[in-house]
Amino acid sequence: MRQLPAILKRELGSYFATPLAYVFILIFLVLSGVFTFYLGGFFESNQASLAPFFNFHPWLYLFLVPAIAMRLWAEERKSGSIELLMTLPISRFEAVFGKFLAAWAFAGLALLLTFPLVLTVNYLGDPDNGAILTGYLGSWLLAGAYLAIGSCMSALAKNQVIAFILAVSVSFLFIVSGFPLVLDAFAGWAPLWLLDAVASLSFLVRFEAISKGVLDLRDLLYFVSLIAAWLTATAVVVDLKKAD
Amino acid sequence: MIEINNLTRRFAQRTVVDDLSFRVQPGEVLGFLGPNGAGKSTTMKMLTGFLAPTFGSARILGFDIQRQTLQAQRQIGYLPEGAPCYGDMPVAGFLAFIAEVRGFRGAEKRRRVDAAVARLELEKVLGQSIETLSKGFKRRVGLAQAILHEPPVLILDEPTDGLDPNQKHQVRQLIGELARDRIVVISTHILEEVSAVCSRALIIASGRLVADGTPLELESRSRYHQAVTLVGDALDPAALAALPGVAGIEANPVEGSLTVLARPGEVIFPQVNALIHQRGWTVRELDVERGRLDEVFRALTRGEAA
């Protein structure tokens, strides 16, 4: 665990070594503004709440978060630096988790930069700031789940574009698993418990509660265990694929 | 000591490293020789814990690379083939990262980085990002990260590949300096390098060990070992061929010289010299060979007996 900060620092620094970080933050802020004010009807709703802001995060993240996850492992494999990384005295866990944490910290930073919205809503009315805090926490957890999926896809593909497409596709499945689109496919034959299990995997269902300010321990556990599962998968895939 | 026992690696059905066993002692500079695709890099990847062997084991100073991976990796400085680095990082930042991962902090970290920078003469490029560096500098950055923690074991995969003659000389000198009471394993397909820096050479072909000895021993397996080459007028090949211990004569029309080959284990120079005096030949050049490593290498790696 001692080398984790070194990995984290290097990864985080590499986001800012290229324009990627600035472009990402800019696009994220612009899009979340567009979603909140135009599509979300922030003013029309006439409520001092950030629900219109949080509601679109699962869709916003679907395309933005894989863009920060796609380079995590694909780039290492492409440049061959993975051979250097994996022969340094660091554990597999430190490498996988350190990289993930860097990407997650970066996503958190982008999220924090939306603070003017919090100021605005406090200026206009009297919102439930506890609910807003919960919303932010939920949104960050959601980003973590997308990132963990993206990290695994990045380990699978040597090509960053393929890693991006794979991550978007898998993440999409996790969004729509609560929709009739998916559930209908199971409805005819599957037992009810399986149907419930599939529906309960959905990001949307889980996130909806959190974005409204309701923090259920089960939802928290859901995101944490999802992240843990995908990071474990990442470690396995890295081991299998590193030498290709 | 590095102990390698029955190391084997298969990719799909192809055996790339086939039952390799050897030991390396401190102070030795082991040259790992073989044609491209012979399994040199794969062996090094297994020695450093990057690849798991299909079969067999490697122990680095007593640590099993499979079971005690991190302890073993702490003993090793490794330059992977092509010296891959993080291209977007500046040299100073990259070396600081390596120092941190190696567990150095504060003043000790700075001291280690400064020492490696001074040794590889990287002062002028410290602020540049690695991807903007020339091939020679990139290789030196790769070497700097490998020696930063002053490891007892250095494993360098083609350390001089792509360098100009001056840089090659520098790197060889560095390896020579580092070799004292360390274990150095280098892979190369440049034969002059073996005579220049290695105290021992292993030749592998198709993943199998085909020769193991000092460069001198390997040279003596050449059919040119103890051969005498003459340049002169009116030489008599038949008389030379009839001398005791002579295996044959080769004429080299381009240089206008004759090479007299010795039978294995025989020294023929005295006989040749005596014949020259007896016949009163004018000889402008006379050369006794130690043997030709490239010839031994070709013979062994093509599967023929040397």
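Residues numbered from 1 in each chain as written. Chains lettered and ligands numbered in written order. Predicted model: local features only at pLDDT ≥ 70, side-chain atom pairs only at ≥ 80, totals over all residues. Heavy atoms only, no water.

Some points on the overall build of chain A
The secondary structure content of chain A amounts to 14 helices and zero strands. Secondary structure of chain A in N-to-C order comes out as α-α-α-α-α-α-α-α-α-α-α-α-α-α. Here the C-alpha atoms of chain A give a radius of gyration of 19 Å, agreeing with the 18 Å that 2.2 N^0.38 yields for 244 residues. Reported as C-alpha extents along the three principal axes, the dimensions of chain A are approximately 55 × 50 × 30 Å. (Helix = DSSP H or I, 4+ residues; strand = E, 2+ residues; numbered from the N terminus. Rg over C-alpha atoms; globule rule 2.2 N^0.38 Å.)

Things to note about the overall build of chain B
Across its full length, chain B carries 11 helices and 14 strands. Each principal axis of the C-alpha distribution contributes one length, and for chain B these read about 75 × 45 × 35 Å. Within chain B, the fraction of its 306 residues that count as buried is 53%. Sequence-distant contacts, at least 24 apart, represent 67% of the contacts inside chain B between residues at least 6 apart. Averaged over its 36 positive side-chain charges, chain B has a centre that lies 6 Å from the centre of its 36 negative ones. (Buried < 20%, exposed > 50% of the residue type's maximum accessible area, 1.4 Å probe, protein only. Contact = heavy atoms within 4.5 Å. Lys, Arg positive; Asp, Glu negative; His and termini not counted. Charge placed at Lys NZ, Arg CZ, Asp CG, Glu CD.)

So, the domain arrangement of chain B
One can read the domain layout of chain B as domain 1 (2-220) and domain 2 (226-289). Summarising the inter-unit geometry, the C-alpha centres of domain 1 of chain B and domain 2 of chain B are found 43 Å apart. (Domains from an automatic or database assignment.)

What to know about the UniProt feature "transmembrane region" (unreviewed entry) in chain A
Residue and element names in this part refer to chain A. On the UniProt side, "transmembrane region" (unreviewed entry) is annotated at positions that read residues 12-38, 58-74, 95-119, 131-149, 161-183, 189-207 and 219-238 here. Counting secondary structure, residues 161-183 comes out at 87% helix and 0% strand; the distance between its end C-alpha atoms is 30 Å. The annotated region residues 219-238 carries 100% helix and 0% strand content, and the separation between its end C-alpha atoms amounts to 29 Å. (UniProt positions renumbered as here; feature names shortened; annotations may be inferred.)

Structural notes on the environment of Ala103 of chain A
Residues and elements named next belong to chain A. Looking at the secondary structure, you find Ala103 in helix H7 (residues 92-112). For Ala103, a relative accessible area of 0% corresponds to the buried category. As a C-alpha pair, Ala103 and Ala143 span 40 residues in sequence and 9.6 Å in three-dimensional space. With residues up to four places along the chain from it excluded, the contact list for Ala103 reads Tyr15, Ile68, Leu72 and Leu147.

Some points on the packing of aromatic side chains
According to the stated counting rule, one finds 23 aromatic pairs over all chains in the structure shown. Relative to Phe106 of chain A, the ring of Tyr15 of chain A has its centre 4.9 Å away and its plane inclined at 5°; by these criteria the two rings are stacked. Taken as a pair, Tyr15 of chain A in helix H1 (residues 4-17) and Phe106 of chain A in helix H7 lie far apart in primary sequence, 91 residues in all. Exposure remark for Phe106 of chain A: the relative accessible area of 0% places this residue in the buried category. Here Phe53 of chain A and Tyr136 of chain A contribute two aromatic rings whose centre-to-centre distance is 6.0 Å and whose plane-to-plane angle is 50°, an arrangement assigned as tilted. Linking Phe53 of chain A in helix H3 (residues 51-54) with Tyr136 of chain A in helix H9 (residues 129-156), this pair joins segments that are 83 residues apart in sequence. Its relative accessible area of 14% is what places Tyr136 of chain A among the buried residues. Between the NZ or CZ atom of Arg10 of chain A and the centre of the ring of Phe97 of chain B, over which it lies, the distance is 5.7 Å. Between Arg71 of chain A and the ring centre of Tyr15 of chain A, over which it is positioned, the NZ or CZ distance is 4.7 Å. (Phe/Tyr/Trp six-rings, centres within 6.5 Å; stacked < 30°, edge-to-face > 60°. Lys NZ or Arg CZ within 6 Å of the ring centre and 35° of its normal.)

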